[in-house]
Amino acid sequence: MDRIDRKLLNLMQRDASQTNVAIADAVGLSPSSCLRRVQRLRKSGVIDRVVAILNPARSGRPIKALVTVELKLHGEQHMRRFLERAVAEEAVSQAYAVTGETDVVLMLRLRDMEEFDRLCDTLFRDDNNVARFFTMVVIRTAKEETAIGL
């Protein structure tokens with residue numbers, strides 16, 4: 001990845017809806033050269049996917065919560081089983097298996113607290129392998145960035 005690739009990727013991370021011509025102009029390339037670079041970056045896996053980032057409050061999911069989960073049994077099959085159930089839930093926007101005392105960290109985007117209560121029943125209270133879970137409801141977001149610094 002060279003300087004032009006990094007510049008191109010930084011532009012696309014800020015606004016991937018720009019036309020190829022606009023991006024090419026911003027990085028100093030011809031549109032065809034720019035398109036070839038973008039295609040190469042997609043094919044190589046540097047660009048994973050291009051998405052629209054929604055405003056959670058305006059799209060009906062204004063509550064953000066982080067949940068840490070400690071499992072009783074720690075084998076790969078137990079972790080996989082829990083994560084499969086978690087990622088199937090619409091309110092779970094991110095799910096991570098992590099190191100340390102906590103086994104799983106979930107990021108939730110919720111419609112309301114009733115949805116959270118139902119989710120707690122489904123994922124935590126009814127699962128015999130969940131030892132305990134801790135919930136932190138976000139009251140203020142200081143930074144939430146999707147771009148990766150290059």
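Located above this text is the structure these notes cover.
The structure contained in this document is the topic of the report that follows. Keep in mind the model is a prediction, meaning the values are calculated, not measured. (Residues numbered from 1 in each chain as written. Predicted model: local features only at pLDDT ≥ 70, side-chain atom pairs only at ≥ 80, totals over all residues. Heavy atoms only, no water.)

### Quick notes on the pattern of salt bridges
Which entries qualify depends on this criterion: Salt bridges are counted wherever a side-chain nitrogen of Lys or Arg sits within 4 Å of a carboxyl oxygen of Asp or Glu. Helix and strand definitions follow DSSP, with helices as H or I runs of at least four residues and strands as E runs of at least two, each counted in order from the N terminus. Think of it in three bands: residues with accessible area under 20% of the maximum for their type are buried, residues over 50% are exposed, and the middle band is partly exposed, with areas taken using a 1.4 Å probe on protein chains only.
Scanning the entire structure with this criterion turns up 16 salt bridges. A salt bridge links aspartate 127 to arginine 85, with the shortest nitrogen-to-oxygen separation between them at 2.4 Å. Here aspartate 127 is found in the loop between α5 (113-125) and β4 (130-137), whereas its partner arginine 85 is found in helix α4 (residues 76-87), with 42 residues between them in sequence. Residue glutamate 115 is joined to arginine 111 by a salt bridge in which the shortest nitrogen-to-oxygen separation is 3.2 Å. The class for glutamate 115 is buried, based on a relative accessible area of 10%. Overlapping salt bridges, with partners in common, bring together Asp2, Asp5, Arg37 and Arg40 in one network.

### Observations regarding the environment of leucine 11
Considering the arrangement of structural elements, one finds leucine 11 in helix α1 (residues 3-14). The exposure class assigned to leucine 11 is buried, which follows from its relative accessible area of 13%. Separated by 16 residues in sequence, leucine 11 and valine 27 have C-alpha atoms that sit 8.7 Å apart.

### Digging into the sheet that holds strand β2 (residues 92-97)
Threshold: Only strands that DSSP links by at least two bridges are regarded as paired with each other. Simply put, an axis is a line fit to the C-alpha atoms, just over the touching stretch for a helix, and the angle between two N-to-C directions goes from 0 to 180 degrees.
If you walk across this open sheet you meet the 4 strands as β2-β3-β1-β4, and the pairing is antiparallel. Edge positions in the open sheet fall to β2 and β4, since each of these has one partner strand only. Taken pair by pair, the neighbouring strands of this sheet meet at an average axis angle of 15°, ignoring direction. Sheet topology places β2 next to strand β3 (residues 104-110); 5 bridges connect them, and they run antiparallel. Paired with valine 92 across the strands is leucine 108, a residue of β3.

### Focus on the nonpolar core
One recurring pattern in soluble globular proteins: nonpolar side chains tend to sit buried together. The following threshold applies: Here, nonpolar core refers to any group of buried Ala, Val, Leu, Ile, Met, Phe, Trp, Tyr and Cys residues whose side-chain atoms link them within 4.5 Å. The contact criterion used is simple: two residues touch if any of their non-hydrogen atoms lie within 4.5 Å.
Residues Val69, Phe82, Leu106, Leu108 and Phe124 are the most contacted members of the largest nonpolar core, which totals 21 residues. Discounting residues that sit within four places of it in the chain, valine 69 has contacts with Phe82, Thr102, Asp103, Val104, Leu106, Phe124, Val130, Arg132 and Phe133. Counting residues in each nonpolar core, the second largest holds 13 residues, with Leu8, Leu9, Met12 and Val38 among its members.

### Considerations on helix α2 (residues 20-27)
So the rule is basically this: In this context, the arc is that of the directions from the helix axis out to the C-beta atoms.
Considered for burial, the residues of α2 that qualify are Ile23, Ala24 and Val27. In an axial view of α2, the angular spread of the buried residues amounts to 100°, which keeps them on one side of the axis. Looking at α2, the residues exposed on the side facing more than 90 degrees away from the buried face are Val21 and Asp25. Contact partners of the buried residues in α2: α1 and α3 (31-43). Where α2 terminates, the next one or two residues include glycine 28, which has phi positive at roughly 80°.

### Structural notes on the packing of aromatic side chains
Applied cut-off: Put simply, two rings from Phe, Tyr or Trp (the six-membered ring, in Trp's case) pair if the centres are within 6.5 Å, and we call them stacked under 30 degrees between planes, edge-to-face over 60, tilted for the rest.
Applying the stated rule across the entire model yields 2 aromatic pairs. With a centroid separation of 4.4 Å and an interplanar angle of 25°, the aromatic rings of phenylalanine 124 and phenylalanine 133 are classed as stacked. A residue is classified by how much of its surface remains accessible, and phenylalanine 133, at 25% relative accessible area, is partly exposed. Grouped by ring-pair contacts, the aromatic residues Phe82, Phe124 and Phe133 constitute a single cluster.

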